[in-house]
Amino acid sequence: MVTRSSNERARLNAEAAAWIARLHGPSGAAAEAPLQDWLDADPEHRDAFRRAGELWDLLPDAAALGEEDGGARPAPAPRRWIPAAIAASLLLLAGGGAIAVYLDQPSAFDTRIGEQRVATLDDGSRIALNTDSHVTAKLGRHERQISLDRGEALFDVAHDAARPFVVDAGDERIKALGTSFVVRRDADRVRVTLLRGKVEVTQVGAPPRLVAVLAPGERVSVGRGGAVALDRPPLDAVTAWRRGELIFRDTPLSEAAAEMNRYGDEHLVVSDARLAALPISGVFATGNPSEFAAAVAQLHGLRVQREGDDVLLTR
């Protein structure tokens, strides 16, 4: 069993309290499907949700929400405020210390190398984080602000015309209302691939510069210095990491090795320039560079050597 830090436990308590409050709010029915996804994502989500439910039952305002009309009782506070107040109480009782969920403060989500996770925001939007990624989210009254600080994420955005969904990745800003897209932030460039809907990509500056308005299936890459490239990649390859796979189509071995290195502690090394240019095609499991190296070696008549955590491909 993975031992979670106190910050991670606090975050789980906060998310569970948010789900409880949302279920008992005016849009409770719409929360049921995304809640199920959140519960299925991690067994500890279910434990946190159970604890939040038990605490909910102990709170007098929560009990009042479940009573049928009729009978004399003190007039309750306006219903739209009760779930937020109770969510805060749940967090205090649980010792979570993460009241930020209802005080419009950022929530942070991250993954370690080789790890993936799905985070469901309070508005129903979902963020799937790839390996070694970090995202912060702040759902404001007029805008939903997301920052991809590193790595890669797939955003499945709940439609809300009154609150645009904005993702900042370095100097690039991606704006959407209700759509699905992938953002990848590397050291030398940012790539945005639109799966569904419509997004606008701009570069932050004075004044901001419009980079592209993407249609489904399009990808824009913005490199250092503002160089822009637009293409239409195979979408199954862009999202293959969601299935634990990497798909290469005539990809130079050096690039394929770099992709494999994102997912595990072992490190593929290709030092020969001619070998680095070999075209690689196929579907490979993430996080298993040794298997990838063996397959490539067999196909191209190469040799695999190990030096600690390094896996060397040589002639």
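Residues numbered from 1 in each chain as written. Predicted model: local features only at pLDDT ≥ 70, side-chain atom pairs only at ≥ 80, totals over all residues. Heavy atoms only, no water.

Colleague: A description of the environment of Thr136 should follow, citing residues and the corresponding values.
Modeller: Following the sequence through the fold, Thr136 ends up in strand E4 (residues 134–139). On the basis of relative accessible area, Thr136 is assigned to the partly exposed category, the value being 21%. In this structure, the C-alpha to C-alpha distance between Thr136 and Asp168, residues 32 residues apart in sequence, is 9.9 Å. Contacts of Thr136, omitting those with residues within four sequence positions, involve Ser107, Ala108, Gln145, Ile146, Ser147 and Asp149. (Helix = DSSP H or I, 4+ residues; strand = E, 2+ residues; numbered from the N terminus. Buried < 20%, exposed > 50% of the residue type's maximum accessible area, 1.4 Å probe, protein only. Contact = heavy atoms within 4.5 Å.)

Colleague: Residue-level account of the side chain of Asp123, with values.
Modeller: Relative to the elements of secondary structure, Asp123 occurs in the loop between strand E2 (117–120) and strand E3 (126–129). By relative accessible area, which is 14% here, Asp123 ends up buried. Within the local environment of Asp123, its side chain forms a polar contact with the side chain of Ser125, the two groups lying 2.9 Å apart. Here the side chain of Asp123 touches Arg144 through a polar contact of 2.6 Å, side chain to side chain. Excluding its chain neighbours within four sequence positions, the residues that come into contact with Asp123 are Arg22, Leu139, Arg144, Ala158 and Arg163. (Polar contact = N/O pair within 3.5 Å; in protein donor to acceptor, adjacent residues only side chain to side chain.)

Colleague: Could you give me a rundown of the sheet that holds strand E15 (residues 267–269), with the residues and numbers involved?
Modeller: The sheet built from 3 strands is open, its strands ordered E15-E18-E17 with mixed pairing. A single partner strand is all that each edge strand has here, and the edge strands are E15 and strand E17 (303–307). Between one strand and the next, the sheet's axes are offset by a mean angle of 25°, whatever the strand orientation. In this sheet, strand E18 (residues 310–314) lies alongside E15 in parallel orientation, the contact comprising 3 bridges. Counterpart to His267 in the pairing with E18 is Asp310. Against the sheet, helix H9 (residues 289–300) makes contact with E15, E17 and E18, and its axis sits at roughly 10° relative to E18, the strand it touches most. (Pairing = 2+ DSSP bridges. Axes fitted to C-alpha atoms, helices over the stretch in contact; angles between N-to-C directions.)

Colleague: Which residues make up the pattern of salt bridges, and what values go with them?
Modeller: In a structure, side chains of opposite charge can pair up when their charged atoms sit close to one another. Across all of its chains, the model carries 20 salt bridges by this definition. Between Glu152 and Arg262 there is a salt bridge whose closest N-O contact spans 3.2 Å. With Glu152 in strand E5 (residues 144–156) and Arg262 in the loop between helix H7 (253–261) and E15, this pair connects stretches of sequence that are 110 residues apart. Each member of the pair, Glu152 together with Arg262, is buried. With a shortest N-O distance of 3.4 Å, Arg262 and Glu259 are connected by a salt bridge. Arg262 sits in the buried class, given a relative accessible area of 16%. Taken together, the shared-partner salt bridges connect Glu152, Arg184, Asp186, Arg191, Glu259 and Arg262 into one network. (Salt bridge = Lys/Arg side-chain N within 4 Å of Asp/Glu carboxyl O.)

Colleague: Can you break down the layout of surface pockets residue by residue, with the values?
Modeller: Its boundaries defined by the atoms lining it, the second largest pocket holds a volume of some 820 Å³. In terms of lining residues, the second largest pocket is bounded by 31 residues, among which Arg184, Arg191, Arg219, Glu255 and Glu259 are the most central. Among the elements that line the lining of the second largest pocket, the one with the most residues is strand E14 (residues 245–252), at 6 residues. Grouping the constituent residues of the lining of the second largest pocket by class yields 14 nonpolar, 4 polar and 13 charged. (1 Å grid on protein atoms, 1.4 Å probe; cavity = no way out; pocket = protein on both sides within 12 Å on 5 of 7 lines; lining within 4 Å. Points joined across faces, edges and corners; volume = space filled by probe spheres on them. Nonpolar A, V, L, I, M, F, W, Y, C, P; charged D, E, K, R; others polar.)

Colleague: Could you give me a rundown of unusual backbone geometry, with the residues and numbers involved?
Modeller: Even without glycine at this site, Asp132 takes up a positive phi of about 50°. With a relative accessible area of 32%, Asp132 lands in the partly exposed category.

Colleague: Before we move on, could you go through the packing of aromatic side chains and cite the residues and values that matter?
Modeller: The final tally for this structure, using the stated rule, is 5 aromatic pairs. Measuring from centroid to centroid gives 5.9 Å for Phe248 and Phe284, while their planes differ by 40°, and the two rings are tilted. Remark: Phe284 occurs in strand E16 (residues 279–285) and Phe248 occurs in strand E14; sequence separation between them is 36 residues. Accessibility classification places Phe248 together with Phe284 in one group, the buried group. Aromatic ring contacts, followed pair by pair, group Phe155, Phe165 and Phe181 into a single cluster. (Phe/Tyr/Trp six-rings, centres within 6.5 Å; stacked < 30°, edge-to-face > 60°.)

Colleague: Before we move on, can you summarise the pairing of E17 with the specific residues and values?
Modeller: Along any regular strand the residues' side chains alternate between the sheet's two faces. Judged from the 5 bridges that link them, E17 and E18 form a sheet pairing that is antiparallel. Across the sheet, residue Arg306 finds its bridge partner in E18, namely Val311. Between the antiparallel neighbours E17 and E18 lie 2 residues, among them Gly308 with a positive phi of about 65°.

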